[in-house]
Amino acid sequence: MRIGVPREIKTDEYRVALTPAGAREVVQKGHEVLVETTAGEGSSFPDGDYERAGARIVSVDEVWAQSQLLLKVKEPIESEYPRLREGLVLFTYLHIAADEPLTRALVESRITAVAYETVETDDGRLPLLAPMSEIAGRLAAQAGAYFLEKPLGGRGLLLGGVPGVAPGHVAVIGGGIVGYNAAIIALGLGAHVTVLDRSIDRMRHLDEILSGRVSLVMSSSLQIEESVAAADVVIGAVLIPGARAPKLVTRAMLHEMKPGAVIVDVAIDQGGCFETSRPTTHTNPVYEVDGITHYCVANMPGGVPISSTLALTNATLPYVEAIAEQGLGLAVARDRALARGVNVLEGKITYEAVAEAHGLEFTPLEDVLPLLAA
Ligand SMILES: NC(=O)c1ccc[n+]([C@@H]2O[C@H](COP(=O)([O-])OP(=O)(O)OC[C@H]3O[C@@H](n4cnc5c(N)ncnc54)[C@H](O)[C@@H]3O)[C@@H](O)[C@H]2O)c1
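Fair warning: this is a prediction, and the values are worked out from it, not measured in the lab. (Residues numbered from 1 in each chain as written. Predicted model: local features only at pLDDT ≥ 70, side-chain atom pairs only at ≥ 80, totals over all residues. Heavy atoms only, no water.)

J.: How should I be thinking about the overall build of the chain in this particular structure?
T.: For the chain, the count of helices and strands is 13 helices and 15 strands. Expressed along its principal axes, the backbone C-alpha trace of the chain runs to roughly 65 × 45 × 40 Å. Expressed as a percentage of the 374 residues in the chain, the buried residues total 52%. A separation of at least 24 residues holds for 62% of the contacts in the chain among residues at least 6 apart in sequence. Working note: accessible area of the chain is about 16,500 Å², and carbon and sulfur atoms make up 51% of it. A distance of 2 Å separates the average location of the 31 positive side-chain charges in the chain from that of its 47 negative side-chain charges. (Helix = DSSP H or I, 4+ residues; strand = E, 2+ residues; numbered from the N terminus. Buried < 20%, exposed > 50% of the residue type's maximum accessible area, 1.4 Å probe, protein only. Contact = heavy atoms within 4.5 Å. Areas by Shrake-Rupley, 256 points an atom, 1.4 Å probe, with all protein chains shown as cover. Lys, Arg positive; Asp, Glu negative; His and termini not counted. Charge placed at Lys NZ, Arg CZ, Asp CG, Glu CD.)

Below, the structure is given as structure tokens:
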């Protein structure tokens, strides 16, 4: 199969959908890899690394026109719509339930589009979203520690303390993938860590894997109020699948917090779990409300493209290999997790929530798959 990797052109996107190591893996299996010139530069992978891996460096027109399977990181933006075409399989983060123009462009072009974020295992895990949550969680603890520094508007507290000086307190609301990763980095820095969650099973699991090193507290309005008031850093990491994040920390609660404390709202991409949150960017990551620093960067992994590219490719590569080896039809028939990733198949919307969101026709994947396999 001919696999293409274009350069990401969305603002502030420095990741690339395949590393040179990934390119070598698929080339060794007999596939052809076309990489748009400078596609890897933002992640510190020069063209030469791809060439040594056996890939061919091509222009933007060639990569879109000649590929059978196109790997991207972000959804196509408007200037890329004219490049969508029948016969191409696009594999990328899509998020089209919230993007009607792109949904229509995909349908009209009769392309096939597989979304990273809806690849879902039978037990409900999202293997292609998880690596970004891991990165965001780890960054959240780093950002919290950093913005506690006085010249940056913080309290002027060293999160880990030193011998004879007590460490700071970190409260993590939501103990899922983001929350767990935030907790281990905060622990590593030497902070006192409290994790609040609503799932007792999840807290049992955290207790086991963290060997009792964090305080685990049932998330209720009162417990949140108390934990937030005691914290130097509060990390918002809740997720209610398919819904906006609940506003768990009100503006009134900020008044009980320590002046110069830091809020890191990782859940900002789902609307945020603090009443006072609004999305920020890596260029201007923080703002202040009532003496509390707010860090609400909506694409945190974008700040560390080298790590994010490597983590993303590790997760996507097995699926890329399956599609390349077997063709999409067979790969999807053999793997229900990958099947759930198919949002559009030859212009037909095969993901019910997407069709519903835009009032467009839904076609079950089983109905159109036989056509593709043929
Ligand atoms: N800003 C970014 O760059 C970025 C990057 C990755 C993920 N995220 C976001 O981070 C959030 C968390 O993602 P995740 O992968 O950790 O999800 P997850 O499903 O693994 O974890 C969410 C946790 O929240 C808990 N929860 C639900 N309601 C709660 C409540 N009222 N109080 C306390 N806990 C509650 C759940 O029990 C679960 O353990 C999501 O909104 C995700 O989109 C943001």
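J.: How should the nonpolar core be read in this particular structure?
T.: Soluble globular proteins tend to pack their nonpolar side chains together in the buried interior. In this structure, F91, V170, V193, I235, M300 and L338 are the most contacted members of the largest nonpolar core, which totals 78 residues. For this core, the leading source of residues is helix 10 (residues 305-334), giving twelve residues. For I235, the contacting residues outside a window of four places in its chain are A140, A141, V170, A171, V172, I173, A182, V264 and V266. (Core = buried A, V, L, I, M, F, W, Y, C linked by side-chain atoms within 4.5 Å.)

J.: Even after reading the chapter, I still don't get the site of the ligand, so can you show me in this structure?
T.: Surrounding the ligand, one finds 27 residues, the nearest of these being S133, D197, S219, D269 and M300. In this structure, D269 approaches the ligand through a side-chain N or O atom, which is 2.7 Å from an oxygen atom. Residue V297 places a main-chain N or O atom 3.2 Å away from a nitrogen atom belonging to the ligand. Contact with the protein chains removes 86% of the 870 Å² of surface that the ligand exposes when unbound. Listing elements by their share of the shell around the ligand, those giving two or more residues are helix 5 (130-146), helix 6 (177-189) and strand 8 (192-197). Sorting elements by how many residues they give to the shell around the ligand places helix 5 first, with three residues. Considering only residue class, the shell around the ligand consists of 15 nonpolar, eight polar and four charged. (Near = heavy atom within 4 Å. Polar contact = N/O pair within 3.5 Å; in protein donor to acceptor, adjacent residues only side chain to side chain. Nonpolar A, V, L, I, M, F, W, Y, C, P; charged D, E, K, R; others polar.)

J.: Can you help me understand the pattern of salt bridges in this one?
T.: For side chains of opposite charge, pairing can occur when their charged atoms come near one another. Within the structure shown, the criterion is met by 18 salt bridges. K72 is the partner of E80 in a salt bridge, and the nearest nitrogen-oxygen pair spans 3.7 Å. For the salt bridge of D123 with R125, the shortest nitrogen-to-oxygen distance reads 3.5 Å. Here the residues in one salt-bridge network are R2, E32 and R56, joined through shared partners. (Salt bridge = Lys/Arg side-chain N within 4 Å of Asp/Glu carboxyl O.)

J.: Hey, could you run me through the pairing of strand 5 (residues 89-92) in this one?
T.: A regular strand places its side chains on the two faces of the sheet in alternate fashion. Side chains V89 and F91 of strand 5 all project onto a buried face; the interleaved residues L90 and T92 project onto the opposite face, where all are buried too. Judged from the three bridges that link them, strand 4 (residues 69-71) and strand 5 form a sheet pairing that is parallel. Among the inter-strand pairings, L69 is bridged to a residue of strand 5, identified as V89. With four bridges joining them, strand 5 and strand 6 (residues 112-115) adopt parallel strand pairing. Bridging from a neighbouring strand, F91 pairs with V114 of strand 6. (Pairing = 2+ DSSP bridges.)

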